[in-house]
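Reading the structure
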Amino acid sequence: MNRIAKVTRNVVEGAGVDVDHLIGLPVKNAAAEPTTFSSCTILRANLIGLDGETITEVAETARIEDRNHFEALVHRIHELGGRLPGDMVTFHNVSGCPPASLSTGIPVS
Ligand SMILES: [Fe+2]
């Protein structure tokens, strides 16, 4: 854990917050973002050529938003001295969302 994370953790703990519990929340949230990013990527690929590309821009906007969410969450996790799981399967499985379907991008239920 770097010095900034130690200081941040001490400040948050000093405010009476259970930091380990707190870190688990953005980790679970971050775990869903690669799935939604993948869903939007696959969906976008399936929409190419329809309606003069306008609809693909909607999927692209959502895709970039999910990437930005992921990056912001990972930054915050690291600020608190947390880490992501070591592999994508473990990471995905803490998300609570189904994997993306490769045919349409819509999550499989
Ligand atoms: Fe998101």
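Please refer to the structure higher up on the page.
All of the points below concern the structure found in this document. (Residues numbered from 1 in each chain as written. Predicted model: local features only at pLDDT ≥ 70, side-chain atom pairs only at ≥ 80, totals over all residues. Heavy atoms only, no water.)

1. As for the overall build of the protein
Scanning the protein for helices and strands turns up 4 helices and 0 strands. N-terminal to C-terminal, the α/β element order of the protein is α-α-α-α. Here the C-alpha coordinates of the protein stretch approximately 55 × 25 × 20 Å along the principal axes. A burial count over the protein gives 29% of its 109 residues as buried. Here the protein displays about 6900 Å² of accessible surface, and carbon together with sulfur accounts for 60% of that area. Computing the positive centroid from 9 side-chain charges and the negative centroid from 13, the protein places the two 10 Å apart. (Helix = DSSP H or I, 4+ residues; strand = E, 2+ residues; numbered from the N terminus. Buried < 20%, exposed > 50% of the residue type's maximum accessible area, 1.4 Å probe, protein only. Areas by Shrake-Rupley, 256 points an atom, 1.4 Å probe, with all protein chains shown as cover. Lys, Arg positive; Asp, Glu negative; His and termini not counted. Charge placed at Lys NZ, Arg CZ, Asp CG, Glu CD.)

2. Thoughts on the packing of helix H1 (residues 3-14) against helix H2 (residues 19-47)
Where H1 contacts H2, the axes come no closer than 10 Å and their chain directions differ by 110°. Comparing their axes, H2 and H1 come out roughly perpendicular. On H2, the residues touching Arg9, Val12 and Glu13 of H1 are Val19, Asp20, Leu22 and Ile23. Partitioned by chemical class, the residues of the contact of H1 with H2 number 4 nonpolar, no polar and 3 charged. (Axes fitted to C-alpha atoms, helices over the stretch in contact; angles between N-to-C directions. Parallel < 35°, antiparallel > 145°, perpendicular 65-115°, else oblique. Contact = heavy atoms within 4.5 Å. Nonpolar A, V, L, I, M, F, W, Y, C, P; charged D, E, K, R; others polar.)

3. Some words on the coordination of the iron ion
Donor atoms from the polypeptide that coordinate the iron ion comprise Glu33 (OE), Glu33 (OE), Asp66 (OD) and His69 (ND1), at 2.2 to 2.6 Å from the metal. Given 4 donor atoms and angles of 52 to 135° at the metal, the environment of the iron ion is assigned as irregular. On the primary sequence, the residues serving as donors to the iron ion are separated as E-x32-D-x2-H. Of this pair, Glu33 sits in helix H2 while Asp66 sits in helix H3 (residues 54-79), and the two are 33 residues apart along the sequence. Each member of the pair Glu33 and Asp66 is classed as buried. (Donors = N, O, S within 2.8 Å, 3.2 Å for Na, K, Ca; no water. Tetrahedral: all angles 85-135°; square planar, octahedral: opposite > 155°, others 65-115°.)

4. Points about the side chain of Ser95
Within the secondary structure layout, Ser95 lies in the segment after helix H4 (88-93). Looking at Ser95, its side chain comes within polar contact range of the main-chain oxygen of His92, at 2.6 Å. Within polar-contact distance, the side chain of Ser95 engages the backbone nitrogen of Cys97 at 3.2 Å. Filtering out sequence-adjacent residues up to four positions away, Ser95 remains in contact with Lys28, Ala31 and Ala32. (Polar contact = N/O pair within 3.5 Å; in protein donor to acceptor, adjacent residues only side chain to side chain.)

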